[in-house]
Structures are given as C-alpha cells and as structure tokens.
Protein chains: 2
Amino acid sequence: MRKILIALIFIAQATFAQVAIKKDLVQYVNPMIGTRDMGHTYPGATVPFGMVQLSPDTDTIPYAVNGKYNPEVYRYCAGYQYDDKTIVGFSHTHFNGTGHSDLGDFLIMPTVGKLKLNPGTADRPESGFRSRFSHSTEVAAPDYYKVKLDDYDIMAELTATARVGFHQYTFPASDQAHIILDMMSGVYNYPDKNVWVYVRVVNDTLVTGYRQTEGWARNRVLYFAMVFNKPFTSYGMHNFSRTEPYHGFWGKFDQEHDFPVMAGRQIRTYFNFKTRAGEKLKIKFALSPVSMKGALNNLHHEIPGWDFDAVKERGQEEWNKELHRIEIQSDSRLEKENFYTAMYHAFINPTVYMDADHLYKGLDKEIHRADHFTNYTTFSLWDTFRALHPLFNIIQVRRNEDMIKSMLAHYRQSAFHMLPVWSNSANENWCMIGYHAVSVIADAIIKDKVDFDANKALEACVTTADNRWYGDLGYYIDKGYVPEDKSSSSVSQTLEYAYDDWCIAQLAKKLHRMDVYDRFTKRSQSYKNLYDLSTGFMRPEMSDGTWMKNFDPLETNEPGFVEGNSWNYSLFVPQDPKALIGMMGGNKRFIARLDSLFTMQLPDKYFAHTEDISREGIIGNYVHGNEPSHHIAYLYDWTNEPWKAQKWIRLILKNQYHAKPDGLGGNDDTGQMSAWYIFSTLGFYPVAPASDQYAIGSPAIKSAVMHLENGKTFTIQVKNQSDKDIYVKKIILNDRPLHHYFLSHQDIINGGRIIFIMSDNPNKQL
Amino acid sequence: MRKILIALIFIAQATFAQVAIKKDLVQYVNPMIGTRDMGHTYPGATVPFGMVQLSPDTDTIPYAVNGKYNPEVYRYCAGYQYDDKTIVGFSHTHFNGTGHSDLGDFLIMPTVGKLKLNPGTADRPESGFRSRFSHSTEVAAPDYYKVKLDDYDIMAELTATARVGFHQYTFPASDQAHIILDMMSGVYNYPDKNVWVYVRVVNDTLVTGYRQTEGWARNRVLYFAMVFNKPFTSYGMHNFSRTEPYHGFWGKFDQEHDFPVMAGRQIRTYFNFKTRAGEKLKIKFALSPVSMKGALNNLHHEIPGWDFDAVKERGQEEWNKELHRIEIQSDSRLEKENFYTAMYHAFINPTVYMDADHLYKGLDKEIHRADHFTNYTTFSLWDTFRALHPLFNIIQVRRNEDMIKSMLAHYRQSAFHMLPVWSNSANENWCMIGYHAVSVIADAIIKDKVDFDANKALEACVTTADNRWYGDLGYYIDKGYVPEDKSSSSVSQTLEYAYDDWCIAQLAKKLHRMDVYDRFTKRSQSYKNLYDLSTGFMRPEMSDGTWMKNFDPLETNEPGFVEGNSWNYSLFVPQDPKALIGMMGGNKRFIARLDSLFTMQLPDKYFAHTEDISREGIIGNYVHGNEPSHHIAYLYDWTNEPWKAQKWIRLILKNQYHAKPDGLGGNDDTGQMSAWYIFSTLGFYPVAPASDQYAIGSPAIKSAVMHLENGKTFTIQVKNQSDKDIYVKKIILNDRPLHHYFLSHQDIINGGRIIFIMSDNPNKQL
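As the structure is a prediction and not an experimental result, all values here were calculated from the model. (Residues numbered from 1 in each chain as written. Chains lettered and ligands numbered in written order. Predicted model: local features only at pLDDT ≥ 70, side-chain atom pairs only at ≥ 80, totals over all residues. Heavy atoms only, no water.)

1. Describing the packing of aromatic side chains
Under the counting rule described, the total for this entry stands at 132 aromatic pairs over all chains. Arranged with centres 6.4 Å apart and planes meeting at 55 degrees, the rings of A:Phe90 and A:Tyr145 form a pair that is tilted. Taken together, the residues span a long stretch of sequence, with A:Phe90 in strand 5 (residues 89-91) and A:Tyr145 in strand 9 (residues 144-149) at a distance of 55 residues. Since its relative accessible area comes to 0%, A:Phe90 is described here as buried. Taking the centre distance of 5.3 Å and the plane angle of 20 degrees together, the rings of B:Tyr198 and B:Tyr210 count as stacked. (Phe/Tyr/Trp six-rings, centres within 6.5 Å; stacked < 30°, edge-to-face > 60°. Helix = DSSP H or I, 4+ residues; strand = E, 2+ residues; numbered from the N terminus. Buried < 20%, exposed > 50% of the residue type's maximum accessible area, 1.4 Å probe, protein only.)

Structure, rendered in structure tokens:
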C-alpha cells in the first residue's frame, strides 16, 4: 500500500508541475513599470541575469557639457524615458534601476532613405537618424520588445539570449536601407568617454569589434560579433574624433567607404542594403568581455539559426521558469503585474559576465576561466545586500553561490585585496559606502551549506574589513567611529561598518573562529559611539570627540549622511534592534519615534535634498526610495506594537508600487526595491541578513507557493485577505500556532505551510 | 685509413669551432655607429632579434605642436642623438634605423633628491628629472649599456634578454631615491598618442601594467611586469591628462599616493627608496604583447635571479654566437667594427613578438598561439626585401622561415587579406609601397626547402597582389601602370609591382602553377609601359595614356616617385637587367648612363628634396641612403664593364660606412643598409631576390667564412687585397676558375671556397 501511495503522490506532483509550467506568468510582467521618471528601468529584451539587455534608447544626452555635469542625464540611467517621442536606436547593455549609470553599448538603428550619421535632436528628429514612435505600436514583454519606427515605416523587434541580441527589422521596399552601428552612443556619455573603438568587417555578413570606455566602469572593454541574415552591398563610417595630428600612412586610403578596418575614438558605421517590402532584415549581435572570437563563439553557441520567434519563445520559457519559483494567487491583475514585474526586475541583476567557454575578464585585466561556476558582474551591493541576495538565498540558491564565487574571484584579483563594493564589467567603481559583500557571504554560509571554501571567504571578509585606507576605515578601527572632520558620510559609514562587522562576527562564529568573532563583535558595537543622548539621534562626531555643531537630523546627505537623514539612519542597527530600542529609551519612546517618522510633516526644503525620490516616494519622513530605511517598518516587531509594522508595510506596498510606467517610488536599484516588494508581499522580510531570522509583516496576496531548489515548497496561505484586513490575527506554521513575529530560515527552507489569518483590527497578542 | 681521416677532420673542426667561439667578436660591435644625425640607431641593450631594446632617450620631442608636425622629431626616431647632453631615461622599445617612428615605451629614470615628475628641458635639465651625462662615462656594447647620470651621481647599467630589460642603478646614499616610471613618454609622441595606460602595484616589489597607443602602430597595447630587488617604501603618480568631467566615485580617494591602481590617459608614476652609498638598485622589466600575466611569466622564464653580470654575459654570448655566422679577417680594426656592427644591426630586426609560452597578439586583435614557430614583428619590407632577408636566407635560414610564417599568420589575420607591408606590434602601418613580402617568400621557397606550405604561401602572394583597392593596384592591373593623375608615386609603384609580380611568377613556376606563372609574368612586364623613349627615363603617365608634362628626372618624390628620382628609379628592373639594358639602347648607352649617375654634379636645389640623406650619402646622383638604388652599382655586371661595379661598390663601402657615430649615410632601415654592407664586403649581392643569382662586386676583406645552418661553410679568400687593389682579376670557385660575375645560391649553400684575386687594374675579361 505504501508504495502505491508514493507513486500516486509522484504522479500528482508531476501533474502539478506540468500544469504549473503551462501557466503563463510571463503575461503578468510589464517591463514598462519604472520606465517613467525615476524607476530607471528599461523596457527592452533580456533573459534572466543575461549579459545582453537589448533595449531602445530615447535620447543622447551627454553626461557633461563644456566640462559641466548635465543634470538631465540622470533621467537616462537606463536609456529610455517613457515620455520621450523618439527612439535613437537599440543598444545592447543597460543597467536596471541604477542611480548612476554607464553602458548603452553598440547602438543599432535601421533607417531608409538618405543616410544620416547624426542622431538628431528630440525636437527635430528629422535632423538625424532617430525616429518618432508611439506607445500604441509598442510591445514590451520579457525577452521581447517591439515598436514601429514611424519615420522609416520599419517594424523593430528585439529578443535575446544570455549573450546575444537578436534584431528583426521589417523594412519597406527601399534601395537605400541602412543599418547604423553607432560606436559612440552610450548611456552617461561624455565627450571623452570612448577611449577607443574598433570595427572589423570580416566579410559581407560578419562584423566584429570592440568598444573601450572610461565611464563608471573606468577601464572597460566590450567585444562584439554581428552577423546579418543577408549580405550588405556596401558599408562605411564617419570618424567624429577631433582631428589628430598623426595619421601615419593610413591617410592615403579612403577609410570611410568599404574599408574593412574602422578604428578611432569616435566613429559611427553603417551598412547598406536593398530591401523588398516586408522583408525582414535580421541581426544577431553577440557580446563578450574577452574577445571578438569569444563573441563569435557565443553567437554560434547560443543562436545557430535565424528563427527569431523560436529564440523569443525560448527566452520567454526561461523567464516563465524563473517566475514560477514563486506562484501567487491574487484577485488583482495589477497585483500580479506588480508581483511578477518585481520578480522580473529581481532576476535581471547581477548579470552573467563570461563567455560560453567560461572565459572572462577579471578585475586584474587578465583573462580567467570560471571553473565550475558562472561568473557574474553588476553588484550594486549597498542596495542588494538588504533583500535581493537574501531572496536569492531562498529561491536562487545556486546562482547566489555563483555570485559569491564571482565576488571571491574579484577579491583574489583586487590590487586592493577588497571584495566588491559596486562592481561592473571587471571594474570596481567604489559607488556608495560599506563593505556589504560580507553580508551577502555571511548570509549564504550561515543559512545553508555552500560549495565554496567558507574559511577562505571569511579571510576575504576580514581582509576587506581591515583595509585601513578604504573609506576611512583606519579612523573607524582606531576610534570606533569615522570622524566627520576626517571623512564624508561619517555616520552612515560608521553604522554600516558596524552592521557589516556583525556579519563577519556571525560568520566567524559559524566557522568556530572565536578570535575573529570577538574582534568583530566588538567592532560591531561602534554604532553606539555616534548616538547622541542629548538629541536622541545618531550624530556626526569630530575627531576630538565633540559632536558636530549645527546638526539637523532632517538633512539628507552631507554632513554625516548619504541617501538618508539622521531620522532614518539613526534606526540602522538591523543587527540588534533590541539594543537600539534600549539605547533610544525603551519600547514606548521607540514606538513614538517610529510613529513620528511615518507621520510627520517633512518641511518642503528637505525634498530638494532627497536625491532622486519623487515626492510620492516619501511617507512622512520615511523615504522608501532610499535603501537605509528598508528595514524600518519591520522594527515594530521588536516592540509591543507589531501591528504598526503591518499597517505601514501595507501602505508602502500600496503607495510605492504601481503597475504603470511611473509605478516605482525611486530607482529600482538593480532589484532591491523589487526584492523588498516580493518579501513584503509574501509577509516577511530579512531585517538582518546573516541572521537566520525574518520579521513578519502583512502578506498582501491570497496565497503563494515558493518552489525551493531543494525540491521542497513553502506555501503561504492568507485567510480573510482584503485591502482592509491588513492586520495579522493569527499565524499557523505547519499546523501549529506561532506566538511571535519571526520566521527562521529553516522554517522556510525545510518546506511547509504558513497560514495567516487576517483581520481589520490590530492584533495586540498573537 | 679513411675512417681515421674522417675522425681527424672531425677533431680539427671541433677544435676550430672552440677556437671560433672563444674569439670575442662582440668587441668589434660599436652600437654608437649611426647614433648621430640620420642613422637612427640606438646605443642601448638588446639581444639578437629581441623584443626588448632597452636604451637611453635623450629628448622628449613631441610629434606635433598645436596640431602641427614638428620636424625636430625626425632626429629622434631611435630616441637617442649623440650630440645631446642629457638623458631623460631608459625606455624599453626602439626601432633600429627607421625613417618614421614609434615605441619608446615605459621610460625608467632613477633620481635622488626632490621628486620631479616633469622631464625638464635639454637647456635647463635641472627643471626636470632628466640628467646631464657625458660620453666619457658611456659604454655601449651588444646587450650592455652604461652611463653615469651626472646630476644624480647614479651609475646606470642596462642589459636584456629577449623579453626582459634588466636595469642596475648604483645609487649614492639617499633618503630620497626614486625610480620614475614614465607611462607618457614615447618616441614620436603627440599629445593624444597615449590612448590609455594602466599601472597596478601588486606588492612592494612587483608592479604590472600596460600602455595603449595610437601611433605608427595605430592600435597597439604593450604589457609589462616590473620587479625591484628591494621593496619600495612608498609610491605614487601624477595624472597629466586634461581634467575630465567624469571621475565616478574614485574622486573620494587620494589616488596619487600609495594607491595601487593608477590608470588614465597620461600618467607618470614613481617609487621611493632609501639607498646606501654604492647600493645597487635592480629592476627587471618584462614585456608582453598579450597580458601582464604573460609579461610576468616571461620575467620568471628568462631572468629568475638577480645576477646582472650573468645576464649580460649570456646576452653577449648570444651575440657572439650570431656574429660568428660570418668570420672575417681584416687588418683594419675599423673595418671589423664596421662589419660586425653591420652584422649587429642586421640581427636586431625583425623582433620577437610572442611570449615565452608562444602566445601573441595577432593583427586581428585576437590572442593566438604560434605553433612550432617564433612569431616576429617589425617588418620594414620595402627596405629589407632587397638584401636583409636574402642575407637571412643564407645565414639565418630558420629564423627567416619563422619570419615568413609570421607574415603568413599576418595574412590569415588580415581583414584586407594582405601580407604585411610595414607591420609592427600586431599592426599594419602601410608605410611605403609595393607588396614586397612576396619577394621574401619567393626568395625563400626558390632557394631552399621550406617547412611551411608553399602552395598556401603562393595563394597569399596572389591574393595580396590582387587587392585592387590597395595602392591603386586596380589601375595597374587594368592598364599595366599606375596613372599619375589617379595616384601618387605612380612610377615607383608600377616598377615595384612589376618586380613583385615577377617574384610571384618565379614562385609559381617552382610550384608548377603555370597559370599563375603566365599571368604574373605578363604583369611583371608592366615596367615597360612607363619607359619614355623620348627622354630615356621612366616617366609618370596619365590615365589617358599621355606622359605627364613638366617632367624632371632629377626630382625626388612627387610627382611620380618616392625616395628616389627617375634617374635612380628608372634602373629599378632588378628582375631583368638584360631587358632593361636593351630597352635603354644597349650596352654602351647603358654604361654611359650608369657612369653619369655616379659622376654627375647634382644641382643644389635637389638636396633639400632628398629626404633624410646627408650630403655625404650621395655620390653624384646616386643616393645610397635610399634603397631603390641599392642594386644599381651591380648592374654593370650585365654590361661588358663589370669592373666599374667593383669601383663604385668599393667607393660606396668606403664613403658611406664609417665606424663612428655619424658613420651611416642614411637611416639603417632596420638592417637593410647593413645587409648591403655585409654582402658587398663579402663580394656579392642579391640583385634580384627570388632568383638564385648573386652578382659579384669587389670583396673588401682579406677572407671570410660563412657558417651555414646546414653545417657547411662557404669560405671567401681574397688575394692581393688592398685599398688600391679593388678590381677582380680572377675568381676561383672550388678550385675552378669562374668566367662570369655571378654566383648561384647553390654555390654558396653547398659549401666550398671562392678565391678572389685582386689587382689595381680593371680587368676586362675573367
């Protein structure tokens, strides 16, 4: 009997699995979410964690004009702004939701008629090769983007594999059809950003080359191989570099027409065709961080044929599979759109950074082979240590391990002997503060078995944290705080170092390295040094031990802070909320403080200083668009009024995430904002990664099933779910009532079921 | 008996060989020859065909000032000018004797006292880091250079292996001793020549990095690894780039002091030490065309230890071995200096261009492995096809084959499907005209068995010669000449193409490809199309078939010619002197013409137009410093007055080559001038490479032994040798009198002995 039962279960599971795969979750993804204003997302084609992000660029804003920063550029971090009326072309690399930018490599634009090699301007598109377009012809879906280029009557369609962009352009009949390959265009372009570009026409369907830039990634080279599905009849380029005194003996040739090596600092190239009406001109465009040869190999490896629809189909299946890692039930289509778009945005970064043959360019500018792992880049760790990597630690465990292996490779290749801070394309850009890679590493090792050397990982964390030159760590180590007169962002740095040090201590404890544990536990107490009892806030301190004068806890950024004011940052002790509450006068005063944060009226003058957050991104003085606040609502769980967490979390979910182009309250920050949404929608959040604890909030869906990589599932069921019934009345975990507002990682990863019973009244006692 | 005889011979040979090796031919090499004015040689350290040429640079002349060419730069093609009074530093790469330039990578300068990061000026050396020096402290020998840097009381010594420069600086006692590594300095430097430089401090004795330049080689990257024999105490850099609007987040660090990644467009770095009096600070500085890792591997491979003298000793042994390929006897020390310095200069280029592990950067910008050959670069083929490669074909056969394999690799990697024209550092710079690689290839295949695929080599030659876009070959192919109204250097081009085509035809004949033979034999007749019977000169022709008006056969360069006037160029039919003589009116008129060439008075106005040739470089209207004339004196051998060849050749040898700094009549041209000297001194010359014939001149030594790679020797004995006895009275080849003025390649390569009996009277009949 027993055997039969098992067989039945097996069949049931198999059937379920099949049904699951058939569900098309891709339909709920709306890549347009976040493309207006400050979301900094892009609508184009990419596969999960893909190297290629093939997407339309709608302007060509220079980063600087006459050596002066051009603030307009900020809107174009992802290349696309929803309100724009023209498309300049389709480039192959884009960041998702960053607050600074780079990339936009290899812009392709199909045109007909007289060849134009300048992009033109948005107000006079006919002055250049850009085209008008309208959202009515636009389709944006996972791994598929479509738009009509009105000025040329060309239908553009894009899809991609991990390393290859696939363009399909349906042309009108024309004797003058062109594909422009703009080697100058880029996101955050300043006049000297291009260091060198090289284009090599191998034959009349194959072109290879590379672009070397000095941008956010300071020392970056990206290679390509491009093939056409029909031969071009002629080709050429124009070199827009300032005239150089030295041309050697190349000057005796006409290098602008049909000359197979095109190189310089600023060039645009073009390829000419004759097209029949309705003819589909297709381009496969492969990238490589290693070489042109590597790009060509990627191309052959990933897209051997010319079936655009099949590649799109495969990409969408890939997305569907990833989206199925969490299946939710909700009556609201918009909620599903929000959720699965958040899942989509969470699964874009970090990005694969190696060729199909596992070769990649390292931080040390050498070519390495990734043995038994996939090398990733695009680590926006100040953002993503909070919720994105913890999310991966539940539903993308293997990838997260490979990401950590990539960080450890970065460490080994670092002249600074540092784990990544914000790394991209074999470059460290040092963006933001802290050394939060240690949080990601500790979180993984503490929560599960890992297949990398944990002791070496600890060594990397310790060495990183002992780099005295970095971010004024020397002062921090010696004095227990970063002095404001010695360094910028002194409070933010001190608080984040303290948390990171606690992560290292936890990791050391797990590995029985009590010497390290003791040292870093001590360091992790440093946050206490900056608590000013007289004001009740974390406050910048001078190197002589006196508090900074003229302290305004509402002021964001300098002095003392970055991307958060003291009101928010003073609560950044995720590693020990209990101690924080005690330090701040106990339960009652702490609750009052949190209440004030969410309800106070922030004077107008502070909005201007709250970088890249729309006014809607702020609730009272709580700034959801900036990460330092992400754990704050959950801090109520450590007080005796956890129901307030539930209230504010539901409000944040409702106010800060909308299924429309301007639906994000701030930059998506390579998925961190989305990861917050996913966790909070499911009803819990990792307040302190590197602990195994999740704080419970208020689940916002009817049910969810998390498919874990160990084959188990964790099911969330929510009874009496509604917009009013936002308070948790009762929680039943695996058939037993829960009497606190915390889940452990084991609760989830071992599989099981949690049932939330909701009500419209705050519940004082579970 | 017979066996015993053989044994005795063997012993005799062995003894001879030992004696030979003990002779120190290195003593006769004077690297200073050619370092004054136009020789464009350098005095520094290099091994035969080495990748490193570590040599002092005496000025920092920019290629252009305010976008305008600075003619002063021309004197500095090799970095050093004998008359200069200051040394700026020691850089690792230099061309030998070129007439255009590049390189000068990675300038090292040791200093003491206040750190200066500008080179200063020659008239005010104390304004920068350069130092005064005097020739009295200077020693220049093969693979060894020594000089006192007077301003710092530092004795500088340099030696090198193929890929590693070895510096030894004997310092005074100083608390402020510096090694400056100037990443901006270079030969033919213009403000934007540096594309990007990168320096990485791995630890306190190891530094790696690279320099990317846009120079004569347009797209060049050279990597390095540098180790010190003691740790530096601190280091830093200054970035001289114009201010860039974008600094990312690097701006928050002090990148100028002890910051281990130093990158940008224009930087100079320095490393600080404390030195005791007489302390030797040593630096091993390895190069790689592939990667920093490759450079480091080269370093460990070639110089594992720190014994400077042993490395120098090994380098000089290597030179001694190469110099021994030809042993001469002469009563004149100066003649030996001339001869062995010519051998030295002949064995510098082409240069090794691959790492110890056989990886190299290809023309296609990909990393390749040289399987079973050494990859070379620095092919100045317009110069070297004439005598240098034919010389290699006798005494450097294996290297010459590897050079051809390198050219064939270049061909395979060429987007143009072209053999090299003038190639360096994985770049084609298109300098000069013709496709003379085909001459080198045909010469090798015709003269001996080769271990590369001769048929594929023929295919490469044919494809190269059929590139209609290159150098107006389309016109040449269609019309049988390059029209002057369509192209520059039309006559020079036509004549050289015709010769090259003849080479291809000879090669095709050897490979029994009679279709190719017929086609290229026909093309090789094209020189006839430009012979203007009315003037008796090769003359520019227009595309309508009329002769160019206002033709001046004395005018060098445009119109019609390059590096030679019509007087000289009209004689450029080396493949068929008989036909040339016939075309020009027969024996008598041809002799008169040659006589005029050597004896006429060239009006002053033409000197200015005779590029880079000192007035002494001209005999009558014969310009030895420019290669198109190199075969001319030997043309008398095809007339009935060969004794005139003997006369002029001895005069050229005597007038154009002197064992002193200004001893060369023109640029050494990567060894071609030296190869002419070597051949002519030995008594014969390859008038038409790709034939197996050598024309006999007048040997200038008492005897010579050529040690061939097949183990045989070819001995030249000259009886009655003196400065007056310049005429060949009798020739005995292997005990038989010779009745003509030609040797075949087999005569030489089979070994044997030639005896010249000289006299002071012209000999009318052999």
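2. Observations regarding the domain arrangement of chain A
Residue and element names in this part refer to chain A. Annotation of chain A at the domain level lists domain 1 (38-321) and domain 2 (353-675). Spacing between the C-alpha centres of domain 1 and domain 2 amounts to 35 Å. Each side of the interface is counted separately: domain 1 has 29 residues, and domain 2 has 31 residues. Counting the surface lost from both domain 1 and domain 2, the interface buries some 2,400 Å², and carbon and sulfur atoms represent 59% of this. Counting across the interface, domain 1 meets domain 2 through 16 residue pairs in polar contact (both at pLDDT 80 or more). Breaking the side of domain 1 that touches domain 2 down by element, the ones donating at least two residues are strand 15 (220-228), strand 19 (280-288) and helix 2 (292-302). Looking at the side of domain 1 that touches domain 2 element by element, the count peaks at 4 residues for helix 2. (Domains from an automatic or database assignment. Contact = heavy atoms within 4.5 Å. Buried area = accessible area lost by both parts, 1.4 Å probe. Polar contact = N/O pair within 3.5 Å; in protein donor to acceptor, adjacent residues only side chain to side chain.)

3. Here's the deal with the side chain of B:Lys193
By secondary structure assignment, the location of B:Lys193 is in the loop between strand 12 (174-182) and strand 13 (194-201). Ignoring sequence-local partners within four residues, the contact set of B:Lys193 consists of B:Asp102, B:Leu103, B:Val187, B:Tyr188, B:Gln212, B:Thr213, B:Glu214 and B:Gly215.

4. Remarks on the pattern of salt bridges
The full count for this structure, using the stated rule, is 69 salt bridges over all chains. Here B:Glu279 makes a salt bridge to B:Lys230, at a shortest N to O gap of 2.9 Å. Of the two residues, B:Glu279 sits in the loop between strand 18 (267-275) and strand 19 (280-288) while B:Lys230 sits in the loop between strand 15 (220-228) and strand 16 (234-239), which places them 49 residues apart along the sequence. Taking relative accessible area as the criterion, B:Glu279 reaches 10% and is therefore assigned buried. In this structure, the salt-bridge partner of B:Asp501 is B:Arg523, at a minimum N-O distance of 2.9 Å. Of this pair, B:Asp501 sits in helix 11 (residues 490-510) while B:Arg523 sits in helix 12 (residues 514-523); the two residues are 22 residues apart in sequence, bridging distant segments of the chain. In this pair, the class of B:Asp501 matches that of B:Arg523, namely buried. Through salt bridges with shared partners, a single ionic network connects A:Glu322, A:Arg325, A:Arg398, A:Arg399 and A:Glu709. (Salt bridge = Lys/Arg side-chain N within 4 Å of Asp/Glu carboxyl O.)

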